[in-house]
Amino acid sequence: MNGWFFTAGVLLLMAFFVHSLAGNRLYSSARPDRDGSRACDAWLMGRCGMQMIGVDLLLAGGFLLAAGSGLMPRSRTLELFLGLTYGGWTAGWLLSLAVERSSARHYRRLCQWILFLVVAVLIGVGILVD
């Protein structure tokens, strides 16, 4: 049993449910009025991205739960890939906020980067201690 992976998996599965319910409600409320507008095109592209992120959270969470509980054999390559993915998402999220010159309020309100950082650290520690 690798509690670090297991914990990361639980966090990602919890994030999947929050993302699917609350995120969907929030995103739906931002829908532009006109179907032919560029704003609607951008909104639909973002909507597709939301669904892709949901699948990613679900699959990564399931893999980490299975690897952490010993239900499947460990794969250092996949573990490293997931750790680097969530570390990269942390850096990308923070870089995007910095480039847009976001206020401190946005860093707190759009705090998904904290989840990404915690998951990356949990995966990294899980790789190192086992």
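Remember, it's a predicted structure, so these values are computed and weren't measured experimentally.

K.L.:
Residues and numbers for the side chain of histidine 19, please.
P.N.:
Structurally, the position occupied by histidine 19 is in helix H1 (residues 3-29). Here methionine 50 takes part through its backbone oxygen, which lies 2.8 Å from a polar atom of the side chain of histidine 19. With sequence-adjacent residues up to four places away left out, histidine 19 is seen in contact with Asn24, Met50, Ile53, Gly54 and Leu57.

K.L.:
Residues and numbers for the pattern of salt bridges, please.
P.N.:
Per the counting criterion, the structure on display carries two salt bridges. Here arginine 74 and glutamate 79 are joined by a salt bridge, their closest N and O atoms 2.4 Å apart. Residue glutamate 79 is classed as buried on the basis of its relative accessible area of 0%. Here glutamate 79 and arginine 76 are joined by a salt bridge, their closest N and O atoms 3.8 Å apart. Placement of the pair is glutamate 79 and arginine 76 together in helix H3 (residues 76-99), with a separation of three residues, close to one helical turn. The class of arginine 76 is partly exposed, set by a relative accessible area of 41%.

The rules behind these values
- Residues numbered from 1 in each chain as written.
- Predicted model: local features only at pLDDT ≥ 70, side-chain atom pairs only at ≥ 80, totals over all residues.
- Heavy atoms only, no water.
- Helix = DSSP H or I, 4+ residues; strand = E, 2+ residues; numbered from the N terminus.
- Polar contact = N/O pair within 3.5 Å; in protein donor to acceptor, adjacent residues only side chain to side chain.
- Contact = heavy atoms within 4.5 Å.
- Salt bridge = Lys/Arg side-chain N within 4 Å of Asp/Glu carboxyl O.
- Buried < 20%, exposed > 50% of the residue type's maximum accessible area, 1.4 Å probe, protein only.

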